[in-house]
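Now for the letters of each chain:
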Amino acid sequence: MTDTPTRKLYWDDPHSDEFDARVVAHAERDGRPSVLLEATLFYPEAGGQLPDHGVLDGRSVVDVQVDDAGRIHHVLEGELPAVGTLVSGRLDRARRHEHMALHTGQHMLSRALLELGKAATVSSRLGESGATIDLDRELSPKTLAEIEARVNQVVDEHRVVRQLHPSPEELAAMDLRRAPKVDGAIRIIEVEGFDLTPCGGTHCTDTAQVGWVRITDASRHRGGQRVTFTAGPRTRRVLGAESEALRSLAARFTCGPHDVPAAIDKLERELGEAREQLGATRAAFAKAQAAAISGDPAVASLDTDVATLRALAAEAATGSRLVVLSAAVGDAFHVVATRGPASTVDCGALFRALAERCGGRGGGRPERAEGRMERAPTAADVAAAQG
């Protein structure tokens, strides 16, 4: 096996999607057979960026990884091409373009986050479904909106994105966003007049190719903040899906897309009023029906919903009376045990004893307990649980 690093054609022209190269060795990576080429356009997974996919001499390239020696392993479906063979490779162009847009967008966002938000990028990940930047501090929604606007301004300015291979003296004079993570020759990605960052990934060659950068979420993460974003083709897919969802809601509310928030506000108000009316009706019903619940302890299984069951139990628990009510819910029973203000029964302990007899679980305080049981407790069960 050769120890010579694979030549990185993807650095020479990130927009190329076809190449020819000779197989120099067969190898193994993470327990899977792989092919080593003298040169490749396939970018290996590294720096938070996923690997390229495509085909190599008609065989699907399902993974690309790099080892410590700089050799790039191509994991294929099917038989490996023979060592010494000249093979032709073709990238999944759509996947490469999306990765380029996301990676360049991440550089631009990290620069704007630092300049406008004073937040340093701790790490980044450009995943299959989500791209994230982890920050060392939290930023407000207002600041994040300003940062997004700044990045898209740079997108619209068609700034050149180029790779630089500076000498040690030139590197020392550069205003880098972060220090290099490796020694030796350093590759710098420059977003003209905006950002300088050491990076080995694939990037656009013009900021306009990034398309629309959009921050879709921000949440607390390990003492800082995780920002989720989209760029390039992924932004179009995300916005398209959101637009379709909004149009679907608009159709259901029989209004225009821009009127959906007002329609939801109206629905929430009506729902709140309906809940208040339902609560008042339930309380009146419970008061009227509580008189029909007899005995002390009062034990009954009722045909009602859980909320009404609770209201009935509370209404029936007067004086020193103990009340144990149940109602069928699916293939089990919801059980409520409560006591009157003059009672000293420990409802929590009683419920646990009933659960052992009737099969179930739940609990609560001495004043009140509830949960699910396999069968409805009877008066005999309550007497046994108390005894």
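Placed above this text is the structure.
Note that the coordinates shown come from a computational prediction; the quantities given were computed from them, not determined experimentally.

S.K.: Honestly, the sheet that holds strand S6 (residues 59-66) in this entry has me stumped. Any pointers?
M.R.: Within a sheet, neighbouring strands are paired by backbone hydrogen bonds and run either parallel or antiparallel to one another. Spatially, S2-S3-S7-S6-S5-S8 is the arrangement adopted by the 6 strands of the closed barrel, whose pairing is antiparallel. Each neighbouring strand pair of the sheet contributes to a mean axis angle of 50°, computed without reference to strand direction.

S.K.: I tried to follow the packing of helix H2 (residues 93-117) against helix H3 (residues 141-156) on my own but got confused; where do I start?
M.R.: Each pair of packed helices gets described by two things: the angle between the helix axes and the distance between those axes. Where H2 meets H3, the axes come as close as 9 Å, and the angle between the chain directions of the two elements is 130°. Classified by the angle between their axes, H2 and H3 sit oblique to one another. In this structure, H2 crosses over H3, and the sense of that crossing is right-handed. Between H2, through Met 108, Leu 109, Ala 112, Leu 113, Leu 116 and Gly 117, and H3, the contact on the second element is made entirely by Thr 143, Leu 144, Glu 146, Ile 147, Arg 150, Val 151, Val 154 and Val 155. Among the residues making up the contact of H2 with H3, the classes are represented as 10 nonpolar, 2 polar and 2 charged.

S.K.: Explanation requested: the state of the cysteines in the structure shown.
M.R.: By definition, a disulfide links two cysteine residues through a covalent bond between their sulfur atoms. All told, the structure shown has 0 disulfides when counted by the stated rule. Residue Cys 358 stays outside any disulfide, its sulfur separated by 15 Å from that of Cys 347, the closest cysteine.

S.K.: Before we go on, may I ask you to explain the environment of Lys 181 in this structure?
M.R.: Secondary-structure assignment places Lys 181 in the loop between helix H4 (168-172) and strand S12 (188-191). A C-alpha to C-alpha distance of 9.0 Å links Lys 181 and Cys 199, two positions 18 residues apart in sequence.

S.K.: Even after reading the chapter, I still don't get H3, so can you show me in this structure?
M.R.: In an α-helix, one turn spans 3.6 residues, which is why side chains three or four residues apart end up on the same side. The terminal C-alpha atoms of H3, which comprises 16 residues, lie 23 Å apart, in line with the 22 Å expected from a rise of 1.5 Å per residue. By the burial criterion, the buried members of H3 are Thr 143, Leu 144, Ile 147, Glu 148, Val 151, Asn 152, Val 154 and Val 155. Turning to H3, the residues buried within the fold contact H2, S12, strand S14 (214-221) and strand S15 (224-230).

S.K.: I'm lost on the sheet that holds S15 in this one. Help?
M.R.: Taken in spatial order, the 4 strands line up as S9-S10-S15-S14 in an open sheet, and their pairing is antiparallel. Only two strands of the sheet have a single neighbouring strand rather than two, namely strand S9 (121-126) and S14. Strand-to-strand, the axes of this sheet are offset by a mean angle of 20°, without reference to chain direction. Against the sheet, H2 makes contact with S9, strand S10 (131-135), S14 and S15, and its axis sits at roughly 25° relative to S10, the strand it touches most. Most of the contacts of helix H5 (residues 233-253) go to S14, to which it runs at about 90°, and overall it touches S10, S14 and S15.

S.K.: Got a minute to help me understand the side chain of Ser 34 in this structure?
M.R.: Relative to the elements of secondary structure, Ser 34 occurs in strand S3 (residues 32-37). Non-local contacts of Ser 34, meaning those with residues more than four positions away in its chain, are made with Ala 25, His 26, Ala 27, Glu 28, Arg 29, His 73, His 74, Val 75 and Leu 80.

S.K.: Mind showing me how you'd approach the pairing of strand S2 (residues 18-29) here?
M.R.: A regular strand places its side chains on the two faces of the sheet in alternate fashion. Here S2 runs beside strand S8 (residues 86-91); their pairing, made up of 5 bridges, is antiparallel. Across the sheet, the residue bridging to Phe 19 is Gly 89, located in S8. Bridging between S2 and S3 involves 6 bridges; their strand directions are antiparallel. Paired with Arg 29 across the bridge in S3 is Arg 32.

S.K.: How should I be thinking about the packing of aromatic side chains in this particular structure?
M.R.: What characterises a pair of aromatic rings is the spacing of the ring centres plus the angle enclosed by the ring planes. A full pass over the atoms with the stated rule returns 2 aromatic pairs. Centroid distance Phe 19 to Phe 42: 5.9 Å. Interplanar angle 75°. Geometry classified as edge-to-face. Here Phe 19, found in strand S2, pairs with Phe 42, found in the loop between strand S4 (39-40) and strand S5 (54-56); they are 23 residues apart in sequence, far enough to count as distant. Under the relative-accessibility criterion, Phe 19 is labelled buried at 8%. Judged by relative accessible area, which is 0%, Phe 42 ranks as buried.

S.K.: Whenever I open this one, the environment of Ser 301 confuses me. Can you help?
M.R.: Topologically, Ser 301 is positioned in strand S16 (residues 298-302). Exposure remark for Ser 301: the relative accessible area of 44% places this residue in the partly exposed category. Aside from chain neighbours lying at most four places away, what touches Ser 301 is Ser 326, Phe 333 and Ala 376. A polar contact is formed between the side chain of Ser 301 and the side chain of Ser 326, at a distance of 3.3 Å.

Cut-off values and rules
Residues numbered from 1 in each chain as written. Predicted model: local features only at pLDDT ≥ 70, side-chain atom pairs only at ≥ 80, totals over all residues. Heavy atoms only, no water. Pairing = 2+ DSSP bridges. Helix = DSSP H or I, 4+ residues; strand = E, 2+ residues; numbered from the N terminus. Axes fitted to C-alpha atoms, helices over the stretch in contact; angles between N-to-C directions. Parallel < 35°, antiparallel > 145°, perpendicular 65-115°, else oblique. Left-handed = near helix turned anticlockwise from the far one by under 90°. Contact = heavy atoms within 4.5 Å. Nonpolar A, V, L, I, M, F, W, Y, C, P; charged D, E, K, R; others polar. Disulfide = S-S within 2.5 Å. Expected span 1.5 Å × (residues − 1). Buried < 20%, exposed > 50% of the residue type's maximum accessible area, 1.4 Å probe, protein only. Phe/Tyr/Trp six-rings, centres within 6.5 Å; stacked < 30°, edge-to-face > 60°. Polar contact = N/O pair within 3.5 Å; in protein donor to acceptor, adjacent residues only side chain to side chain.

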